[in-house]
Amino acid sequence: MFDAPFTFSIPLPLPIPSRQDNHIRRRLSSLKGQFLDTAEYKRMLAEEDRLVYEVYEIRRPKVAGELLSGISIVHPGKVGSEFFMTKGHFHTVLDTPEVYYILKGEGFMVMETPEGEACVEPLLPNRVLYVPPRWAHRSVCTSRQDDLVTFFVYPGNAGHDYGTIEEQGFRKLVVDSGGRIEIIDNPRWKK
Ligand code: 6PG
Ligand code: NI
């Protein structure tokens, strides 16, 4: 691992960092139980375990004082009326924030605190989102044809707590209602 300063580039339109340590591919099967329309989820999965999103990580020691960064690419698609999205997570070390810079596409960041306070922010190119400590976060791609591409940075010691979200879901969902994007309450959300 480099200990000297280093640079890397993020070429567009194909935002694969010129230097990356890990490429994660998340398919429909890794989002089991997250989409409201379970029948449609099952039907789609039986047809094909589609690629929903990818992450390119620029790794550093997972310690406080270091910053981890990377590219997140959420592909366009829907399960029923719900748009393709990331699993979403709290950071294991709850008091760790995150910054997102939106490179391409459009969507929303669905966020909530352990107390159930919810916030949904639109994601558009050249916008920067600051996710404060204690807020879980999930990226949602609402474009019909373009990927949602973000560059993210967060503390090395943050970690990922997926279990809480897998258990309770997010309070808000982003859906396509008759061609209009709508933010709705998740009927299955449990505090
Ligand atoms: C992180 C970032 C970000 C996130 C990706 C994929 O903490 O690492 O929030 O890189 O991991 O957007 O989302 P999931 O981690 O929820 O699958
Ligand atoms: Ni995160």
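Keep in mind that this is a model prediction, so the values were computed, not measured.

K.L.:
It is not clear to me how the coordination of the nickel ion (ligand 2) should be interpreted in this structure. Could you clarify?
P.N.:
Tetrahedral coordination by four donors puts the ideal angle at the metal at 109.5 degrees, and octahedral coordination by six puts it at 90 or 180 degrees. Donor atoms from the polypeptide that bind the nickel ion (ligand 2) are His89 (NE2), His91 (NE2), Glu98 (OE) and His137 (NE2), placed at 2.1 to 2.3 Å. Geometry at the nickel ion (ligand 2) is octahedral, judged from the six donor atoms that bind it and their angles of 75 to 171 degrees at the metal. Within one chain, the residues serving as donors to the nickel ion (ligand 2) are arranged as H-x1-H-x6-E-x38-H. Glu98 carries the same exposure label as His91, and that label is buried.

K.L.:
Explanation requested: the site of ligand 1 in the structure shown.
P.N.:
Around ligand 1, the structure places 16 residues, and the nearest of them are Tyr53, Glu98, Tyr100, His160 and Tyr162. Contact between ligand 1 and Ser72: an oxygen atom at 3.2 Å from a side-chain N or O atom of the residue. In the complex, 97% of the free accessible area of ligand 1, which totals 400 Å², lies under the protein chains. Mapping ligand 1 onto the cavity grids shows that it belongs to the largest pocket.

K.L.:
I tried to follow the sheet that holds strand 10 (residues 136-141) on my own but got confused; where do I start?
P.N.:
The strands making up a sheet are joined through hydrogen bonds of the backbone, oriented either antiparallel or parallel. Read across the open sheet, the three strands follow the order 8-7-10; overall the sheet is antiparallel. Two strands in the sheet have a free side with no partner beyond their single neighbour: strand 8 (118-123) and strand 10. On average, each strand axis in the sheet is tilted by 20 degrees relative to the strand beside it, whichever way the strands run. In terms of strand pairing, strand 7 (residues 107-112) meets strand 10 through six bridges, oriented antiparallel. When the sheet's bridge partners are listed, Val110 is paired in strand 10 with Arg138.

K.L.:
What am I meant to see in unusual backbone geometry here?
P.N.:
Peptide bonds are trans in most cases, and residues, glycine excluded, mostly fall at negative phi. Going from Leu12 to Pro13, the amide bond is cis rather than trans, its omega being 5 degrees. Phi angles above zero are rare outside glycine, and Asn126 is one such case at about 70 degrees. By secondary structure assignment, the location of Asn126 is in the loop between strand 8 and strand 9 (128-131). According to the relative accessible area criterion, Asn126 is exposed, its value standing at 59%. Its identity as a non-glycine residue notwithstanding, Arg134 has a phi of 80 degrees, on the positive side. Tracing the backbone through its elements, the reader meets Arg134 in the loop between strand 9 and strand 10. By relative accessible area, Arg134 is classed as partly exposed at 30%.

K.L.:
Can you walk me through the sheet that holds strand 11 (residues 148-155) in this structure?
P.N.:
Reading across the sheet, the six strands line up as 1-2-3-11-6-9 and stay open at both edges, with antiparallel pairing between neighbours. Of all strands in the sheet, those with a lone pairing partner are strand 1 (22-27) and strand 9, marking the two edges. Each neighbouring strand pair of the sheet contributes to a mean axis angle of 20 degrees, computed without reference to strand direction. Judged from the four bridges that link them, strand 6 (residues 98-104) and strand 9 form a sheet pairing that is antiparallel.

Each value, and the rule that gives it
Residues numbered from 1 in each chain as written. Chains lettered and ligands numbered in written order. Predicted model: local features only at pLDDT ≥ 70, side-chain atom pairs only at ≥ 80, totals over all residues. Heavy atoms only, no water. Donors = N, O, S within 2.8 Å, 3.2 Å for Na, K, Ca; no water. Tetrahedral: all angles 85-135°; square planar, octahedral: opposite > 155°, others 65-115°. Buried < 20%, exposed > 50% of the residue type's maximum accessible area, 1.4 Å probe, protein only. Near = heavy atom within 4 Å. Polar contact = N/O pair within 3.5 Å; in protein donor to acceptor, adjacent residues only side chain to side chain. Areas by Shrake-Rupley, 256 points an atom, 1.4 Å probe, with all protein chains shown as cover. 1 Å grid on protein atoms, 1.4 Å probe; cavity = no way out; pocket = protein on both sides within 12 Å on 5 of 7 lines; lining within 4 Å. Sits in = over half its atoms within 2 Å of the grid points. Pairing = 2+ DSSP bridges. Helix = DSSP H or I, 4+ residues; strand = E, 2+ residues; numbered from the N terminus. Axes fitted to C-alpha atoms, helices over the stretch in contact; angles between N-to-C directions.

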